[in-house]
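Notes for the structure review
What follows is the residue order along each chain.
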Amino acid sequence: MSGRLLRLVCTAAVAAGIVLAPAPAAAEPAPGAADDRTVAGLLTDLQRLYREAEAAAETYNGTEERLNKQRAEVRRLDAELARTRTSLHDSRGAAGRLARQQYQSSSDLSPYLRLLLARDPQHAVDQGHVIGRLARERVETVGRLTGDEKKAQELSRRSREALARQAALAERQERERDGVRERLRAVEELLASLTPEQLAAVAELEKSGIAGEQERFLASGALGDDAKPSAGGESAVRFAVEQLGKPYEWGAEGPASYDCSGLTSVAWQRAGTPIPRTSQEQWARLDHVPLDELRPGDLVVYFPEATHVAMYLGDGMVVQAPRPGADVKVSPIAANPVLGAVRPDPGGEPVRRYTPPRLPLGATDGPDAGYAPAAAESSAR
């Protein structure tokens, strides 16, 4: 199975998470029991399952990022160890040559006696200088040999430790991948248990909940007048908008599909500002900005665990890769519970003129387009 298909996503939860209270703790109902639950209960269950899946997927994404860095460290250490072994081989050869020269030119007479007995004292003095230089070269060669041996031993030890850490991360990644797939299967089973009428009712309830929450959010004054983006922010926004309609896929970083943080990280990388890969790292490491100072290109982070992220477009809207089974789209900023916002380029100067990108027809149709029974399974292939 390819590495791409083993990667998972940080993903958006079901959009109305801020509208309905969490479902009370209870045993998991059997698929056939869906008919006995209210539409609100079904939506709440879906919200919970998606959030569990995205939390597991975000953990997986973080492990994958660390594993990639560890693999790079192993490659770096291996290359350095190979260079050191080559140098050690050369040092041993030089030391061997010096040892042979010393053996061939050895004498029981001291340099002082050789000088007294020499027919040409000046020639003997010149020879002494040469002998002194050779002696210094011997000392330097032995020093290099000793240093290369110590360095090779240390690099060998570090390389073994790095390989062990890589193996442990790979094993952990495998367990986390299975955990995400298990949670996505739970979503799939619940969706498959619903009738078309129930699916439509859940989608309608979600849509009305988002509309109400967006209205309350805007009325609260949490957002101010949109500031103009930086040049990087404008570039990131235009790239993200160009991805509208592409499917969500966990662990995907384009160009055919994206997960939530895959979309935001690639957009800013294309804009010339690399940022962390996962939504949790974006929240932890990027500069926080107040919501009333948002400008296009800023990232809006959702849920207390920072498990979802979207890019601010302006006018209270974001572009996001929402969840398994949905496409990259424009949504109200309040479609999920907002944790806060971060700015990838806090030092970026606002552009003088900004024309928002033109959105294709149907890009702002509110919540994610309903639920399909095959949504979770298609994302867990």
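The preceding data block contains the structure.
In short, a report on the structure.

What to know about the overall build of the chain
- Of regular secondary structure, the chain possesses nine helices and six strands.
- Classification of the 381 residues of the chain by burial places 45% in the buried group.
- If you take every contact in the chain between residues at least 6 apart in sequence, the share linking residues at least 24 apart comes to 79%.
- Put simply, the chain shows about 19,500 Å² of open surface, and 54% of that area lies on carbon and sulfur atoms.

A short note on the pairing of strand β2 (residues 299–302)
- Going residue by residue along β2, you find L299 and V301 tucked away on one face and V300 and Y302 tucked away on the opposite face as well.
- Turn length for the β2-strand β3 (residues 308–314) hairpin, with the two strands adjacent in sequence and antiparallel, is five residues, and the turn residue F303 shows positive phi of about 70 degrees.
- Two strands pair when backbone bridges link them, and β2 and strand β6 (residues 338–343) are joined in this way by four bridges, in the antiparallel orientation. When the sheet's bridge partners are listed, Y302 is paired in β6 with V338.

Things to note about the layout of surface pockets
- Here the second largest pocket is characterised by a volume of approximately 270 Å³.
- Forming the boundary of the second largest pocket are 16 residues, of which L313, G314, D315, Y354 and P356 lie nearest the centre.
- For the lining of the second largest pocket, the per-class residue count stands at eleven nonpolar, two polar and three charged.

Here we look at the pattern of salt bridges
- Evaluated as defined, the whole model comprises eight salt bridges.
- Linking R238 and E234 is a salt bridge whose minimum nitrogen-to-oxygen distance equals 3.2 Å. Taken as a pair, R238 and E234 lie in helix α6 (residues 231–242) at a separation of four residues, close to a single helical turn.
- Of the residues examined, R238 reaches a relative accessible area of 29% and is grouped as partly exposed.
- Here D298 and R343 are joined by a salt bridge, their closest N and O atoms 2.8 Å apart. Note that D298 is positioned in the loop between β1 (287–289) and β2 and R343 in strand β6, a separation of 45 residues in sequence.

Criteria and cut-off values
- Residues numbered from 1 in each chain as written.
- Predicted model: local features only at pLDDT ≥ 70, side-chain atom pairs only at ≥ 80, totals over all residues.
- Heavy atoms only, no water.
- Helix = DSSP H or I, 4+ residues; strand = E, 2+ residues; numbered from the N terminus.
- Buried < 20%, exposed > 50% of the residue type's maximum accessible area, 1.4 Å probe, protein only.
- Contact = heavy atoms within 4.5 Å.
- Areas by Shrake-Rupley, 256 points an atom, 1.4 Å probe, with all protein chains shown as cover.
- Pairing = 2+ DSSP bridges.
- 1 Å grid on protein atoms, 1.4 Å probe; cavity = no way out; pocket = protein on both sides within 12 Å on 5 of 7 lines; lining within 4 Å.
- Points joined across faces, edges and corners; volume = space filled by probe spheres on them.
- Nonpolar A, V, L, I, M, F, W, Y, C, P; charged D, E, K, R; others polar.
- Salt bridge = Lys/Arg side-chain N within 4 Å of Asp/Glu carboxyl O.

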